[in-house]
Amino acid sequence: AQFRSELSARAAWLRVTGTSDSLATIAADLAFSDQAHMTRAVKVLTGAAPAQWRRSHSFKTTGRDIVKLH
């Protein structure tokens, strides 16, 4: 269960940092129960919430999808 949880959090982080998809869309696509659940998982994995990654200068999205995990 822990392994699956970490994989889901990693997939979410890649989409957060590599696409312009909304956080709610990413959470739904990756089968999190809601956006808050995804936020907690990413924060446990990386130490920062998805919105913080989006706001950081080194991880700004460009408006085009870099990573597609579908």
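It should be emphasised that the depicted structure is a prediction, and the values quoted were computed from it without experimental measurement. Counting from 1, residues in each chain are numbered in the order their sequence is written. Where local features are concerned, this predicted model is filtered to residues with pLDDT of at least 70; where side-chain atom pairs are given and counted, the filter is 80 or more; whole-chain, interface and lining totals use all residues. Side-chain measures were taken over the full set of non-hydrogen atoms in the model, leaving aside hydrogen atoms and water.

*Asks:* How would you summarise the packing of aromatic side chains if you had to cite specific residues and measurements?
*Replies:* Two descriptors summarise a pair of aromatic rings, namely the distance from one centre to the other and the angle between the planes of the rings. Two rings from Phe, Tyr or Trp (for Trp, the six-membered ring) form a pair when their centres sit within 6.5 Å of each other. Planes less than 30 degrees apart are called stacked, planes more than 60 degrees apart edge-to-face, and all others tilted. Counted by the stated rule, this structure contains one aromatic pair. With a centroid separation of 5.5 Å and an interplanar angle of 80 degrees, the aromatic rings of Trp-13 and Trp-53 are classed as edge-to-face. With Trp-13 in helix H1 (residues 2-18) and Trp-53 in helix H4 (residues 50-55), this pair connects stretches of sequence that are 40 residues apart. Of the residues examined, Trp-13 reaches a relative accessible area of 23% and is grouped as partly exposed. Secondary structure elements are defined from DSSP: runs of H or I of at least 4 residues count as helices, runs of E of at least 2 residues count as strands, and each element is numbered from the N terminus. Burial here depends on accessible area, computed with a 1.4 Å probe over protein chains only, as a share of the maximum for the residue type. Under 20% is buried, over 50% is exposed, and the range in between is partly exposed.

*Asks:* Could you give an account of the pattern of salt bridges, with specific residues and numbers?
*Replies:* Salt bridge, as used here, is a side-chain nitrogen of Lys or Arg placed within 4 Å of a carboxyl oxygen of Asp or Glu. Per the counting criterion, the structure on display carries three salt bridges. Ionic pairing is found between Glu-6 and Arg-10, a salt bridge with its closest N-O pair at 2.7 Å. Here Glu-6 pairs with Arg-10, and both are found in helix H1, just four residues apart, close to one helical turn. Residue classification places Glu-6 among the partly exposed residues on the basis of a relative accessible area of 33%. Across the salt bridge formed by Asp-21 and Arg-15, the nearest N and O atoms sit 2.7 Å from each other. Arg-15 matches Asp-21 in its accessibility class, with the two residues each being buried. Via salt bridges that share partners, Arg-15, Asp-21 and Asp-29 belong to a single interconnected network.

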